[in-house]
Amino acid sequence: MQNRYKKIVLSFILLFFLRVDSFAYTNSIGIEFVLINSGSFIMGSPDDEKHRLKNEKEHKVIISNDFYISKTEVTQKQWMALMQNNPAFFRGYGGDYPIESVSWFEAKEFIDKLNALESTNKYRLPTEAEWEYAARANSPYPFPFGKARSVGCQFDRGVDEYAWYCGNSKYKGSKQAYKVATKSPNDWGLYDMQGNVAEWCLDSCKHRNVWTGFIGVITNTYEDNIRDPLSKIGDRKVVRGGSWNSSIKNLRFAKRDFHSPKSKKNNIGFRIVREK
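Residues numbered from 1 in each chain as written. Predicted model: local features only at pLDDT ≥ 70, side-chain atom pairs only at ≥ 80, totals over all residues. Heavy atoms only, no water.

### As for the overall build of the chain
Then, number 1: In terms of regular secondary structure, the chain is built from 5 helices and 15 strands.
Then, number 2: In terms of C-alpha radius of gyration, the chain reaches 19 Å, essentially the compact-globule figure of 19 Å for 276 residues.
Then, number 3: Projected onto its principal axes, the C-alpha coordinates of the chain cover approximately 80 × 45 × 40 Å.
Then, number 4: Expressed as a percentage of the 276 residues in the chain, the buried residues total 51%.
Then, number 5: Here the analysis covers contacts within the chain between residues at least 6 apart in sequence; of these, 70% occur between residues at least 24 apart. (Helix = DSSP H or I, 4+ residues; strand = E, 2+ residues; numbered from the N terminus. Rg over C-alpha atoms; globule rule 2.2 N^0.38 Å. Buried < 20%, exposed > 50% of the residue type's maximum accessible area, 1.4 Å probe, protein only. Contact = heavy atoms within 4.5 Å.)

Have a look at this one:
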């Protein structure tokens, strides 16, 4: 009877750990991941969202496959474990600060080395749609808590809970990036999806409409009921999330930005996806 009881207890323990492992895990260089289940969501911003741009048209997106995404931006410690260097502008504060000042091409090189290390091809940057799906965590608003009261660099209590931005990122008189995961996570357990450092996405984009004069992210993916979109047009790369020097209006979930894939800026880093 006692052995049977032990077996039952062990079975429950095993099932518990299998369940936890199916939702989160840590890879070989210490990157923690959260499982994001497939589903659909409304991407973009409604017409009445303050400071929205014309390239944020609301549309339904279908994410057809579960995927893992890193809990935080890739850190300097994780970068150094693979790349044996530290190009970050804000180095010297500790290995848990986000890696930044790396180009899109360098982020891809990091991912290629990680795939080789683990003998897989499942790691990559998130698509723009996956990024917004994971960032929103079902929120229809511009922020996890709803709508911000401010738009610029004013201190906003709601934004301050979740993000490092131009209103709270001063340290010894200068604005800067901060250690990852020091603000609250979103409802899916992801940190720094808004603020700290902006994040490279997989998508390419155009950045200028010569007919209208519009400058901003231009893709062919903002179509209703689109499935697993990935833009491959243009010579720029999509950047999301805003950073430590962004105003509140530029932290919104729907806000789109772009840079040359060669750009290296101290407010741009990245997080990674692992296909399930």
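From this point, the narrative continues.
### A short note on helix 2 (residues 76-83)
Note: α-helices contain 3.6 residues per turn, so residues at a spacing of three or four share the same orientation.
Then, number 1: Buried within helix 2 we find Gln76, Gln78, Trp79, Leu82 and Met83. Seen from one end, helix 2 has its buried residues packed into an arc of 160°, which puts them on one side.
Then, number 2: If you follow the buried residues of helix 2, they end up packed against helix 3 (104-117).
Then, number 3: A positive backbone phi angle near 60° is found at Gln84, which sits one or two residues after helix 2. (Arc of directions from axis to C-beta.)

### What to know about the nonpolar core
Then, number 1: Judged by nonpolar contacts, the single largest core of 26 residues is most densely connected at Phe110, Leu114, Trp200, Phe270 and Ile272.
Then, number 2: No other element matches the 5 residues that helix 3 contributes to this core.
Then, number 3: Ile272 has contacts with Ile31, Phe33, Tyr68, Ile69, Ser70, Val74, Ile111, Leu114, Tyr123, Arg124 and Pro126, leaving out every residue within four places of it along the chain.
Then, number 4: By size, the runner-up hydrophobic cluster in this structure holds 24 residues, among which are Phe67, Ile69, Ile226 and Phe253. (Core = buried A, V, L, I, M, F, W, Y, C linked by side-chain atoms within 4.5 Å.)

### What to know about the layout of surface pockets
The rolling of a water-molecule-sized probe over the atoms marks out the regions of remaining empty space.
Then, number 1: Looking at the largest pocket, its volume works out to about 240 Å³.
Then, number 2: Taken together, 14 residues make up the lining of the largest pocket; nearest its centre are Lys50, Pro142, Lys147, Ala148 and Val151.
Then, number 3: Each residue belonging to the lining of the largest pocket can be placed in one class, and the counts come to 5 nonpolar, 2 polar and 7 charged. (1 Å grid on protein atoms, 1.4 Å probe; cavity = no way out; pocket = protein on both sides within 12 Å on 5 of 7 lines; lining within 4 Å. Points joined across faces, edges and corners; volume = space filled by probe spheres on them. Nonpolar A, V, L, I, M, F, W, Y, C, P; charged D, E, K, R; others polar.)

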